[in-house]
Each structure stands twice: as C-alpha cells, then as structure tokens.
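Next come the chains, spelled out residue by residue.
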Amino acid sequence: MPAIVDAWDLVRRNLRSQSGAKVFDQWLKPAVLAAGSDEETVRIGLPSPFMTNYVKSHFGDRLRLEFRQLMPSVRSVVVETSTKALVPPSANDESPATTAAPAPSVPRVLGADRPLAAAPAKPAREGERFAFDPRFTFDRFVADATNQVAFNAARLLAAEGPVRFSPLYLHGATGQGKTHLAHAIGHAFLEAHPAGTAIYMPAERFMFEFVKAVRERDTFAFKARLRSVDLLVIDDLQFIAGKDSTQEECFHTVNEFMTMGKRLVICADRSPRMLEGIDPKLVGRLASGLVADIRPPEYALRRAILAAKLADMPQVSVPDEVLELLAMRITANIRELEGALNRLVAYAQLIGEAVTMDFALQTLGEVLKGPQRRITIDEIQKAVSAHFEVKQLDLVSERRAVAIARPRQIAMYLAKKLTTRSLPEIGRKFGNRDHSTVIHAVKRIEELRDKDREIDTAVRGLMRQLEG
Ligand SMILES: Nc1ncnc2c1ncn2[C@@H]1O[C@H](COP(=O)(O)OP(=O)(O)OP(=O)(O)O)[C@@H](O)[C@H]1O
C-alpha cells in the first residue's frame, strides 16, 4: 500500500476532527485519493465540479498543510473532479475516502439525503432514522452543571408521554455538544415513539431546500414534509441570518409546531436575543419556549469527556497524566479536545508506538502550545482593569460602585472559567471575599451574557485575549 494512502487516511481523520462531522460528511466524505497521486503530487477527487470548487476554496490550504506535515515530499495538492481512486476500495473497507461516492446532485447533509421532490409527504420512518448520527446518544453525552439544564430538557422533550419543553432552544459556542444533544433527542424520541417520525435539518439545508422549492414552484412538498413529522430539529439557526424569505418560512414552521403542540428543537451558537439579522418575530417565538444554554466546559467535564471517548476506543490505552494534560490545555471547545485525542491515538497506531507523555508532547506540540502557559488571576485582573479602565487595586477593594463591581464580577467569572483555581482561592485573590460571592458573580455574568450584548462581547474578547 503506497505511503500516500496511509497519509490520506490520517489527513481525513484530522480534517474530520477539525471540521466536525457535519461539515466533513457534507464536503469531504465523498472525496477520494484520486488516480495519478504520488508522493509529490496529491490528487483529491470530488464527484462534481460544484463540490470541487467548494473543497478547493475552503479546504485547499488545509489539505496542503496536513499532507506536508505528514509527508514533506508532497509538493502540491490538486483538487479536481474525479471519482477514480488511486487504490480501489476493498470489499471490507468502510473508509469513505477511498470509495468513490455517488455524485450528489445537491450537497449532502445529514438528514436531508433524499431529494425533496421525491419525498413523500409523510416520510418513511426508517429513512429519517438514518438522519440521526448513531454516535450521538444521551448515553455518550457527559453532563455536569455547565450543560445540565440542556441535557435534562432534551431528555424530557424526547420522552414518552405529553410533550414537554417544546420548543427547546439550545445554545452555546461552537463544539460544545449542541448537535450531539440534538441527535440524541432524535434517537431517544424514535425509541420512545416507535411509530413517530423525526427530521434533523441544519438551517443551511432548510434554506437550500426552501429556495430550491421556490425556484421549482413546489413549496407544498417542502412544507408538507417538514410539518408532517412529530419531531423537527433545526440546527445552526444562525446560518439563516439576513435570509428574509427563509426566515419567514421558518417562522411559519415554528408557529405550526407550537400551535400543534409538537416537538421542536432549535440549536444556535447564541441565545435568541443575541441573534443578529433574524426577524424579531421569529426571535420572539423562539424565546418563548425553553431556552437552555451549554456553557464552556470546565476542567472536570473536559477530563470526564476524554475518559468517555477513550472508553469507546477498545484496545487503546492512554495514561491518565496524558488525559489530564489534554484536559488542562485544550480549553476552548470539546471538538478540539476530542480531535486531539483522536489524532494522538491515530498517530500512535500508525507508527506502532505507545501513547506516553513524551509522545503526546511531541505529537501535539502545536495544539498544546497556546494554553501551555497557565492563565493567572493576576493576568485576568490586569486585562479586565485595562479593558474597563478601572484600577487593578479597585478590583480587589471593598468599593461597590457598579463601574467597579461589574468588572470585578467579570474578572471573577473569567478566573472561574479560565483557571483551575477553586472558588475559595478565587475569593481570596479578590480582597479575601467569600466563595459565595464568587458563585454569585459567576451566575450574574452568565445571566448578563444572555441579555446584554455589550457584556457578552466584552467577555468573549477578554477570553480570546487571555487565551492568546
Ligand atoms: N458533554 C459532552 N459529552 C460528550 N461528548 C461531547 C459533549 N459535548 C460535546 N461533545 C462532543 O464534541 C464534539 C462536538 O460537539 P457538537 O458537534 O455537538 O458541537 P456543536 O455545539 O453542535 O458545535 P457547532 O456549533 O460548531 O455545530 C462531538 O463529537 C460531541 O460528541
């Protein structure tokens, strides 16, 4: 087997963990290592010119970088329209990269594989079942205080009996588990309602199908298909910002589900009130249901998720100290954390080495570099005082004026989120305050981040600045 084939396998795994399953499945899964590839020129084949252009412009640089990191002999990566693979797929090879996928007439998205025109008004239940990714179940979701409300509401919404907590609006930053929960709802719902029907529909896909239906003067089938199901999940709602007619249709769909008392789940990267470019009447509807956020994961959750992901990888052993290192250093999102673990395990398997601390530091050097430097409470106080133009001394003083108390609360919030210090330790660093004051500050800032765009933007900016 040429080395380039192994490299391609690894590149695909890396791209999958970096881009997320949704994006990967849509654009990169159908790609093949095309005939004519060698160790200098890699050819990546896509089944249609449309997909070729997209992959070239969105992933061209990343493909080059990934290949060159693995095989410095690679000089160029050509993205072209081709389904002729360099190595024909073997019968038991499930790897999508070496298998030429059928050319989709439209981009493939989970849950929307069937062309709309061919869809019956009431979808075949088995067909829709495939829309829900089997890896994303409630069993595999690790819950703690940062995601508990979202997790519980999701389970109750899916459960047997009267409809509860619908519409459910789940929000949180990228890679924090919204899509995972959305799919888990689908599985649990179909299990609890054997005759039920459910659709998972990314908002981008909603728009695509709707626009296509309008163009083909056949919106009836589109509406009928969506509105006939018992559970509808719309993911990444923020994608339809500024798309007026799609929003109008989405509003009617949401209305219909609410009026009929059916199950509806919406996921987005921010709370309804923080959505930009979305019609206030749609925002109002969404905000009237249960709005549950998923907060950035803290150390304990990151560590527990790594343990859970590892338990899903039979015969793989990773020392605790390595898991702790990853959980400590990769703080921003769980997708990245999971990607790092996958990368580590894949590299170790490819070169036949055990995963040790040294191996992890060598392999993931780049990934671990940024947060290697521990963020201190002193740095946080300095950044906050500079941002709000208050003295650092005031942050640790007794002064209660809002102009000082609010930045102080933000600094405490950041200390809780970005360091591993305990609540009493944080309290001590802020003029010997009690740990309950820190809890109050964290809660207050969490509430304000949902309601006050200025504060949310300031906190995001400070986090970015401190995490480098
Ligand atoms: N609490 C959790 N327990 C287990 N796995 C998790 C958890 N949160 C996130 N993950 C994993 O992290 C990865 C990214 O999660 P997911 O795709 O659901 O993120 P997202 O919030 O939908 O991101 P985006 O907004 O970018 O779509 C998935 O592989 C998911 O299984």
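Before reading further, recall that the structure is shown in the block above.
The sections below set out a description of the structure shown in this document. Note that this is a predicted model, so its numbers are computed, not measured.

**So, the site of the ligand**
Part 1 of the argument: Neighbouring the ligand are 20 residues; Thr 174, Gly 175, Thr 179, His 180 and Glu 338 lie closest to it.
Part 2 of the argument: Side-chain polar atom of Thr 179 to an oxygen atom of the ligand: 2.6 Å apart, as the coordinates give it.
Part 3 of the argument: His 180 places a polar side-chain atom, nitrogen or oxygen, 2.7 Å from an oxygen atom of the ligand.
Part 4 of the argument: Relative to its unbound accessible area of 630 Å², the ligand is 93% covered by the protein chains.
Part 5 of the argument: Taken together, the elements giving at least two residues each to the shell around the ligand come down to helix H6 (178-192), helix H11 (299-311) and helix H13 (334-351).
Part 6 of the argument: Classifying every residue of the shell around the ligand by side-chain character gives six nonpolar, seven polar and seven charged.

**Here we look at the packing of aromatic side chains**
Part 1 of the argument: Summed over the entire model, instances satisfying the criterion amount to seven aromatic pairs.
Part 2 of the argument: Ring geometry for Trp 8 against Phe 67: centres 6.1 Å apart, planes inclined by 10°, an arrangement best described as stacked. Here the residue Trp 8 occupies a position in helix H1 (residues 3-19), and Phe 67 occupies one in helix H3 (residues 49-70), the gap between them amounting to 59 residues. In terms of burial, Trp 8 and Phe 67 fall into one category: buried.
Part 3 of the argument: Between Phe 132 and Tyr 200 the ring centres are 6.5 Å apart and the planes differ by 65°, which places this aromatic pair in the edge-to-face class. Taken together, the residues span a long stretch of sequence, with Phe 132 in the loop between helix H4 (125-129) and helix H5 (148-158) and Tyr 200 in strand E5 (residues 198-202) at a distance of 68 residues.
Part 4 of the argument: Judged by relative accessible area, which is 0%, Tyr 200 ranks as buried.
Part 5 of the argument: Put simply, the rings of Phe 138, Phe 141 and Phe 151 pair up and form one aromatic cluster.
Part 6 of the argument: Seen from the ring of Phe 257, Lys 262 lies directly overhead, with NZ or CZ sitting 4.6 Å from the centre.
Part 7 of the argument: Geometry around Phe 251 places Lys 281 over its ring, the cationic atom sitting 4.9 Å from the centre.

**Re the pattern of salt bridges**
Part 1 of the argument: Under the counting rule described, the total for this entry stands at 27 salt bridges.
Part 2 of the argument: For Arg 135, the salt bridge goes to Asp 133, with nearest N and O atoms at 2.6 Å.
Part 3 of the argument: With a shortest N-O distance of 2.3 Å, Arg 295 and Asp 293 are connected by a salt bridge.
Part 4 of the argument: According to the relative accessible area criterion, Arg 295 is buried, its value standing at 12%.
Part 5 of the argument: Note on Asp 293: relative accessible area 18%, which makes it buried.

**Some points on helix H2 (residues 21-28)**
Along an α-helix, residues three or four apart share an orientation, since each turn contains 3.6 residues.
Part 1 of the argument: Counted residue by residue, H2 has six buried out of eight residues, so it is predominantly covered.
Part 2 of the argument: Of all the residues in H2, the buried ones are Ala 21, Phe 24, Asp 25, Gln 26, Trp 27 and Leu 28.

**So, the side chain of Arg 227**
Part 1 of the argument: Here Arg 227 lies in helix H8 (residues 219-227).
Part 2 of the argument: Within the local environment of Arg 227, its side chain forms a polar contact with the side chain of Glu 249, the two groups lying 2.8 Å apart.
Part 3 of the argument: Here Arg 227 is in contact with Glu 249, His 252, Thr 253, Glu 256, Phe 257 and Lys 262, once residues within four sequence places are set aside.

**Here we look at the sheet that holds strand E8 (residues 290-293)**
Part 1 of the argument: Taking strand neighbours across the sheet as the criterion, the five strands line up as E5-E6-E7-E4-E8 in an open arrangement whose pairing is parallel. Each having just a single partner strand, E5 and E8 make up the two edges of the open sheet. Sheet twist, expressed as the mean angle between neighbouring strand axes with direction ignored, is 15°.
Part 2 of the argument: Bridging between E5 and strand E6 (residues 231-235) involves five bridges; their strand directions are parallel. Across the sheet, the residue bridging to Met 201 is Ile 234, located in E6.

Rules behind the numbers
- By convention here, each chain's residues receive numbers from 1 onward along its written sequence.
- Since the coordinates come from a predicted model, pLDDT governs what is reported: local features require at least 70, and pairs of side-chain atoms require 80 or more to be given and counted, while whole-chain, interface and lining totals use all residues.
- Values shown for side chains rest on all heavy atoms present in the structure; no hydrogens or waters enter the calculation.
- Residue proximity to a molecule or strand is established when one non-hydrogen atom of the residue lies within 4 Å of it.
- Definition of a polar contact: a pair of N or O atoms within 3.5 Å, with one able to donate and the other able to accept a hydrogen when the atoms are protein atoms, and with sequence-neighbouring residues admitted only if both atoms are side-chain atoms.
- Computed with a 1.4 Å probe, the accessible areas rest on the Shrake-Rupley method; for each residue, only the protein chains presented here act as cover.
- Helix and strand definitions follow DSSP, with helices as H or I runs of at least four residues and strands as E runs of at least two, each counted in order from the N terminus.
- Under the scheme applied here, ten amino acids are nonpolar (Ala, Val, Leu, Ile, Met, Phe, Trp, Tyr, Cys and Pro), four are charged (Asp, Glu, Lys and Arg), and all others, including Gly, are polar.
- Two aromatic rings, drawn from Phe, Tyr or Trp (for Trp, its six-membered ring), form a pair once their centres lie within 6.5 Å of each other, and the interplanar angle then sorts them: stacked below 30 degrees, edge-to-face above 60, tilted otherwise.
- Summary of the burial criterion: residues with accessible area below 20% of their type's maximum are buried, those above 50% are exposed, and those between are partly exposed, where the area comes from a 1.4 Å probe applied to protein chains only.
- Counted as over-ring charges are cases with an Arg CZ or a Lys NZ within 6 Å of the ring centre that also lie within 35 degrees of the ring normal.
- Any Lys or Arg side-chain nitrogen found within 4 Å of a carboxyl oxygen on Asp or Glu counts as a salt bridge.
- Whether two residues are in contact is decided by their heavy atoms: any pair within 4.5 Å suffices.
- Pairing between two strands is assigned when DSSP locates at least 2 bridges connecting them.
- Structural elements are reduced to axes, namely lines fitted to C-alpha atoms, with helices fitted over the stretch in contact, and the angle between N-to-C directions of any two is expressed from 0 to 180 degrees.

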